[in-house]
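Chain by chain, the residues run as shown.
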Amino acid sequence: MGTVGEQTGEQNNQQKRIDLNDYTVIKEGEAEILMHAKNEVFYNKTQVNNRDMSIAVLRAFIAKRKQEHETMVSRRSKTVPKESDKSISEADAMVDSITEDKITNGECEASEESSRDEPCSLSEEPARNPEGKGRGELKSPRVLEALSASGLRSLRYAREVEGIGQVVALDNDKASVEACRRNIKFNGSLACSKVESHLADARVYMLTHPKEFDLVDLDPYGSPSVFLDSAVQSVVDGGMLMCTATDMAVLCGSNGEVCYSKYGSYPLRGKYCHEMALRILLASIESHANRYKRYIVPVLSVQMDFYVRVFVRIYTSASAMKNTPLKLSYVYQCTGCDSFHLQPLGRTQSKNNSVRYLPGFGPVVSQECSDCGKKYNMGGPIWSAPIHDQEWVTSILADVKSMKNCYPAYDRISAVLTTISEELPDVPLFLSLHNLCATLKCTSPSAVIFRSAVINAGYRISGTHVNPLGLKTDAPMDIIWDIMRCWVKNHPVKAQPPELAGSVILAKEPVLQANFARAVASLSKAQAKKVARFLPNPERHWGPKVRAGRQITIKHVSLLGAEAVNSVINREEESDEPAAKRKKTEDLTSDS
């Protein structure tokens, strides 16, 4: 390690070499980054929703972690005998003396400036000790961003989340690491003291740092599948894994065989495909965790924009891991009427205070659909247990509202969280009212009327954050079709060919006589108060941006700021006709 003077001189030389005219300063939240005009390092403006949601969850996680630690300490203080208290105090004294010896021997001497470039060699060691060992104090959480690119996410964590400890930003691209270190210095002393950037393969790094990080953040360009095995090992017991998947075409059924090879599950192309994508990702994470006697507890699972994002806590327990088959199901989807049914993988049998784990009963469906007579497609397995913790969702939403000015994407994330807070937590997948009506070729009842009929029949129903037209209900499909039959009797349809699925369904008399009278709970609280739940995209071409290293086109020009966007829009407005059309017009004029 060089002297402080040498390192300071090197920093000054690097600052001199940076020509700020070649960079655009991008500010998001409290962090600022320098983006090169050549798009050398990937930055995705659209992910502001993702980053804001992650910060909100991280704040809730730190608060929850502190609360759990205080509860654990209070329990131990009530149950631990006085003799053990004495041994703990002796252990404290021993730890203190060892630490003091190391400091006085000069092993951990470094100035603030030198620690920015190269962290102290002993900085990682204390974090390897289990939490609460020694004095029983809760250490600041360590965060690993496995794929950091420009480092914007890590910088926002360090600058905006109170109580955050060390943030380690990894990337295996040299240009990205250089950009990340440049951005760390650009954000001042606070960022320099908390954020480290390393050139490393995230998979190898996580495997060689098992159970060291309180929170691991995976946000790859594409599928996270290759990182999941090492990620679940790197999280401490009770820690959190944040994971994004942007390969939605694969997860939603365009390439079922590719999805199976990456996630171990076969997708179906139903209206609920985006929620199924969430559940496939959760099932895959659980599968990787089970290999190490670990299991997951989902806190929040979100489908936004062009990706899915899940926040799960990871625990170690060989006995609790046995419950995994109870949380997974196969899905049978009718090829005619899109009715779906779930087949659980496992079940339990209790006898004399003991629990036996057995295979699930099946099949849950016959060879042909009981409603329309068509065949079934089978997909899965998917995570069929709850994908949100409603207590967490309520807490996160309250925190977001109380810190409204701290979130650049407040409107969007508060709308999503509001919708999630009203979802039925124990109902996998959802129905599409328009899809039901398309099957029957009938006019659609309003969502309020349909909800009222389901509620009056004695079942629960709610919306879903995944689809504005989606409805989650615990009513079986035969009840749903009976309600639609009663609706069609009052709103007749034209005669259709008898072989169509809708004709077969309508040919049967309804067993349930639906009551369409307005139910009190037919509107959610947010709907009654007219709170926005689904917002349009904030600008044109809102979506995944071009990969790093590729030329930025007009489609991705929003990366370079508002001025560039306005200039492109003005150029488009000036040209009233496309060039090809103008040329054709000119040719016709010359011929005449």
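Scroll up for the structure.
Bear in mind that the values here come from a model prediction, so they are computed numbers and not experimental data.

Scoring rules and cut-offs
Residues numbered from 1 in each chain as written. Predicted model: local features only at pLDDT ≥ 70, side-chain atom pairs only at ≥ 80, totals over all residues. Heavy atoms only, no water. Helix = DSSP H or I, 4+ residues; strand = E, 2+ residues; numbered from the N terminus. Buried < 20%, exposed > 50% of the residue type's maximum accessible area, 1.4 Å probe, protein only. Polar contact = N/O pair within 3.5 Å; in protein donor to acceptor, adjacent residues only side chain to side chain. Contact = heavy atoms within 4.5 Å. Pairing = 2+ DSSP bridges. Axes fitted to C-alpha atoms, helices over the stretch in contact; angles between N-to-C directions. Patch = residues over 30% accessible without salt bridge, like charges linked within 9 Å, V, L, I, M, F, W, Y side chains within 5 Å. Areas by Shrake-Rupley, 256 points an atom, 1.4 Å probe, with all protein chains shown as cover. Salt bridge = Lys/Arg side-chain N within 4 Å of Asp/Glu carboxyl O. Core = buried A, V, L, I, M, F, W, Y, C linked by side-chain atoms within 4.5 Å. Left-handed = near helix turned anticlockwise from the far one by under 90°. Nonpolar A, V, L, I, M, F, W, Y, C, P; charged D, E, K, R; others polar. 1 Å grid on protein atoms, 1.4 Å probe; cavity = no way out; pocket = protein on both sides within 12 Å on 5 of 7 lines; lining within 4 Å. Points joined across faces, edges and corners; volume = space filled by probe spheres on them. Phe/Tyr/Trp six-rings, centres within 6.5 Å; stacked < 30°, edge-to-face > 60°. Lys NZ or Arg CZ within 6 Å of the ring centre and 35° of its normal.

**A look at the side chain of R313**
Okay, so step 1: Considering the arrangement of structural elements, one finds R313 in strand 9 (residues 307–316).
Okay, so step 2: A residue is classified by how much of its surface remains accessible, and R313, at 5% relative accessible area, is buried.
Okay, so step 3: A polar side-chain atom of R313 sits 2.7 Å from a polar atom in the side chain of E68.
Okay, so step 4: Every residue in contact with R313, bar those within four places of it in the chain, is listed here: F61, K64, E68, G238, G239, M240, Y295, I296, V297, V299 and W392.

**What about the sheet that holds strand 14 (residues 376–383)?**
Okay, so step 1: Spatially, 11-10-14 is the arrangement adopted by the three strands of the open sheet, whose pairing is antiparallel. The open sheet terminates on both sides in strands that have one partner only, identified here as strand 11 (340–344) and strand 14. Averaged over all pairs of adjacent strands, the angle between their axes in this sheet comes to 25°, without regard to strand direction.
Okay, so step 2: Packing against the sheet, helix 12 (residues 273–290) makes contact with strand 10 (328–334) and strand 14, and its axis sits at approximately 55° to strand 14.

**Remarks on a nonpolar patch on the surface**
Okay, so step 1: Taken together, the side chains of L326, V355 and Y357 make up a nonpolar region of the molecular surface, amounting to roughly 240 Å² of accessible area.
Okay, so step 2: Relative to the helices and strands, L326 resides in the loop between strand 9 and strand 10.

**A short note on the pairing of strand 12 (residues 346–351)**
Okay, so step 1: Alignment of strand 12 against strand 13 (residues 354–359), held across six bridges, turns out to be antiparallel. When the sheet's bridge partners are listed, S350 is paired in strand 13 with V355.
Okay, so step 2: Taken together, strand 12 and the strand that follows it, strand 13, pair antiparallel across an intervening segment of two residues, in which N352 is found at a positive phi of about 55°.

**Observations regarding the nonpolar core**
Okay, so step 1: M206, L218, L241, L251, I285, F450 and M484 are the most contacted members of the largest nonpolar core, which totals 81 residues.
Okay, so step 2: No other element matches helix 12, which puts 10 residues into this core.
Okay, so step 3: If sequence neighbours within four positions are ignored, L251 has contacts with A245, C259, Y263, P267, C273, A277, I280 and V308.
Okay, so step 4: The next biggest cluster of nonpolar side chains, apart from the first, holds 48 residues, and it includes A60, I62, I396 and Y407.

**Brief notes about unusual backbone geometry**
Okay, so step 1: In this chain, G362 is followed by P363 through a cis amide linkage whose omega measures -5°.
Okay, so step 2: You can see P363 is positioned in the loop between strand 13 and strand 14.
Okay, so step 3: The step from G380 to P381 runs through a cis peptide bond, and the omega angle for that step is 5°.
Okay, so step 4: Looking at the element boundaries, P381 is found in strand 14.
Okay, so step 5: Phi at A149 takes a positive value of approximately 55°, unusual for a residue other than glycine.

**Digging into the packing of helix 2 (residues 48–79) against helix 14 (residues 410–421)**
Okay, so step 1: Relative to each other, helix 2 and helix 14 sit at 65°, their axes nearing to 9 Å. Note that helix 2 runs across helix 14; the crossing there is right-handed. Residues N49, D52 and M53 of helix 2 touch helix 14, and the partners they reach there are Y410, R412, I413, V416 and L417.
Okay, so step 2: The class makeup of the residues in the contact of helix 2 with helix 14 is five nonpolar, one polar and two charged.

**So, the sheet that holds strand 16 (residues 461–462)**
Neighbouring strands of a sheet are bound in pairs by backbone hydrogen bonds; such pairs are parallel or else antiparallel.
Okay, so step 1: Read across the open sheet, the three strands follow the order 15-17-16; overall the sheet is antiparallel. Of all strands in the sheet, those bounded by a partner on one side alone are strand 15 (431–432) and strand 16.
Okay, so step 2: Strand direction decides the pairing type here: strand 15 and strand 17 (residues 470–473), joined by two bridges, are antiparallel. From the neighbouring strand, L431 faces strand 17, where its bridge partner is L471.

**Looking at empty space enclosed by the protein**
Okay, so step 1: Scanning all chains against the criterion turns up one cavity of 30 Å³ or more.
Okay, so step 2: Here the largest cavity defines a volume of roughly 100 Å³.
Okay, so step 3: Elements with a contribution of two residues or more to the lining of the largest cavity: strand 15 and helix 15 (433–440).
Okay, so step 4: Here the lining of the largest cavity is composed, by residue class, of six nonpolar, four polar and two charged.

**Some words on the packing of aromatic side chains**
Okay, so step 1: Here the structure, examined in full by the defined rule, presents six aromatic pairs.
Okay, so step 2: Their ring planes at 80° and their centres at 6.3 Å tell us that Y332 and Y376 sit as a pair that is edge-to-face. Here the residue Y332 occupies a position in strand 10, and Y376 occupies one in strand 14, the gap between them amounting to 44 residues. The exposure classification of Y332 matches that of Y376, with both residues buried.
Okay, so step 3: Across from the ring centre of F361, 3.6 Å away, lies the NZ or CZ of R347, which sits over that ring.

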